[in-house]
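Listed below, chain by chain, are the residues.
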Amino acid sequence: VCAGAAVGASVADGPAVAVFTGCVARIYETGLHAAITRLLAAIGQHAVFPDDQGCCGALHAHAGDPGTAAMLAARNRAAFAGAATVLTLASGCHEAVAKAVAGTRDAIDHLADHADVLHFVPRPERVVLHLPCSQRNNVGSDAALRCLLERVPGLEVIGLDAGFGCCGAAGTQMLTDPARADRFRQPLLAQLAASGATRLLSANIGCRLHLGNGTTLPAQHPL
């Protein structure tokens, strides 16, 4: 992980890499999409964002609606037909996309494979890193993420892991059972407040929305 190899191709000549944006994140996270475009360019690749993609269907599957989940999976399979590599940005979407679309990888893992050609400007800042349950237990890109963040000069990263480590968002639970979701979130918010950090990082959009609603600090995807 995070070993990397030099990439000599220019962006124009390098391979195209498709990026899954999903539904909410497609509008909410345009800054993240610009960031992944810049990072891919730095390793000699260029990002493409298929227009016909949509929701991954994970929430539908969890809610007992496999029919809609299957329909959404088929839509994404068609949208990414022909793409050799499809990168996901939200850890909560990854499993559903990977089951539907061949060649799916977490964007963090993909970038870590080329880490040797990524050079970051110094960022003297203390940040907290929340590792979503879906990232730790399913995607498994947490080690690659830490490796990438360690390459940023001056960046101090504090793990946000109080309580169960789970923020409580849990798909739609932050909407359907906000009191329970808040009980899971509170230890993390208390740890965040005591950390002296100026920014919160988390690789799942649901976690960022839920944690971000409990703090005035910026809540962003690590990339």
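Higher on the page you've got the structure.
Worth saying up front: this structure is predicted, and the values here are computed from it rather than measured.

Re the sheet that holds strand 6 (residues 155-160)
In a beta sheet, neighbouring strands pair by backbone hydrogen bonds and run either parallel or antiparallel. Strand order across the open sheet formed by 4 strands is 6-5-7-8, with parallel pairing between neighbours. Looking along the sheet, the strands with just one partner apiece sit at the ends: strand 6 and strand 8 (219-220). By the bridge criterion, 6 bridges tie strand 5 (residues 125-130) to strand 6 in an arrangement that is parallel. What sits directly across from V127, in strand 6, is V157.

Regarding the nonpolar core
Ranked by size, the top nonpolar core spans 29 residues in total, and within it I36, L40, L89, I108, L111, L148 and L223 carry the most contacts. Every element with two or more residues in this core is listed here: strand 1 (16-20), helix 2 (30-42), helix 6 (107-112), strand 5 and helix 8 (142-150). Leave out the neighbours within four places in its chain, and L111 touches I36, L39, L40, I43, L118, L148 and L223. The next biggest cluster of nonpolar side chains, apart from the first, holds 15 residues, and it includes A18, F20, A90 and V101.

Quick look at the pairing of strand 5
Burial within strand 5 is extensive, with 5 of its 6 residues counted as buried. Sheet topology note: the strand 5/strand 7 (residues 200-202) ladder contains 3 bridges and is parallel. Bridged to L129 within strand 7 is L201.

Section: the sheet that holds strand 4 (residues 104-106)
Strand order across the open sheet formed by 4 strands is 2-1-3-4, with parallel pairing between neighbours. The strands lining the two open edges of the sheet, one partner per strand, are strand 2 (46-48) and strand 4. The average angle at which neighbouring strand axes cross in this sheet is 40 degrees, direction not considered. Sheet topology places strand 3 (residues 86-88) next to strand 4; 3 bridges connect them, and they run parallel. The partner of V86 across the bridge, within strand 4, is T104. Packed onto the sheet, helix 2 meets strand 1, strand 2 and strand 3 and runs at close to 155 degrees relative to strand 1.

Here we look at the environment of R185
Its location among the elements puts R185 in helix 10 (residues 178-195). Remark: the alpha-carbon pair of R185 and C167, spanning 18 residues in sequence, is separated by 4.5 Å. Aside from chain neighbours lying at most four places away, what touches R185 is C167, H210, L211, N213 and G214. Of note is the side chain of R185, whose polar atom sits 2.6 Å from the backbone oxygen of H210.

What to know about the packing of aromatic side chains
Summed over all chains, the structure comprises 2 aromatic pairs. Ring centres of F164 and F184 lie 5.4 Å apart, and the angle between their planes is 35 degrees; this geometry places the pair in the tilted category. With a gap of 20 residues between them, F164 in the loop between strand 6 and helix 9 (173-176) and F184 in helix 10 connect regions that are remote in the sequence. Taking the relative accessible area as the measure of exposure, F164 reaches 68% and is therefore exposed.

Section: the pattern of salt bridges
Scanning all chains against the criterion turns up 8 salt bridges. For K99, the salt bridge is made with E95, and the minimal N-O distance between the two is 3.5 Å. On the criterion of helical spacing, the pair formed by K99 and E95 is a turn pair, its members being 4 residues apart in helix 5 (residues 91-100). You can call K99 exposed: its relative accessible area is 67%. By sharing partners, the salt bridges in this structure join R123, E125 and R199 into a single network.

Each value, and the rule that gives it
- Residues numbered from 1 in each chain as written.
- Predicted model: local features only at pLDDT ≥ 70, side-chain atom pairs only at ≥ 80, totals over all residues.
- Heavy atoms only, no water.
- Pairing = 2+ DSSP bridges.
- Helix = DSSP H or I, 4+ residues; strand = E, 2+ residues; numbered from the N terminus.
- Core = buried A, V, L, I, M, F, W, Y, C linked by side-chain atoms within 4.5 Å.
- Buried < 20%, exposed > 50% of the residue type's maximum accessible area, 1.4 Å probe, protein only.
- Contact = heavy atoms within 4.5 Å.
- Axes fitted to C-alpha atoms, helices over the stretch in contact; angles between N-to-C directions.
- Polar contact = N/O pair within 3.5 Å; in protein donor to acceptor, adjacent residues only side chain to side chain.
- Phe/Tyr/Trp six-rings, centres within 6.5 Å; stacked < 30°, edge-to-face > 60°.
- Salt bridge = Lys/Arg side-chain N within 4 Å of Asp/Glu carboxyl O.

Everything listed here is a matter of geometry and, on its own, says nothing about what the molecule does.
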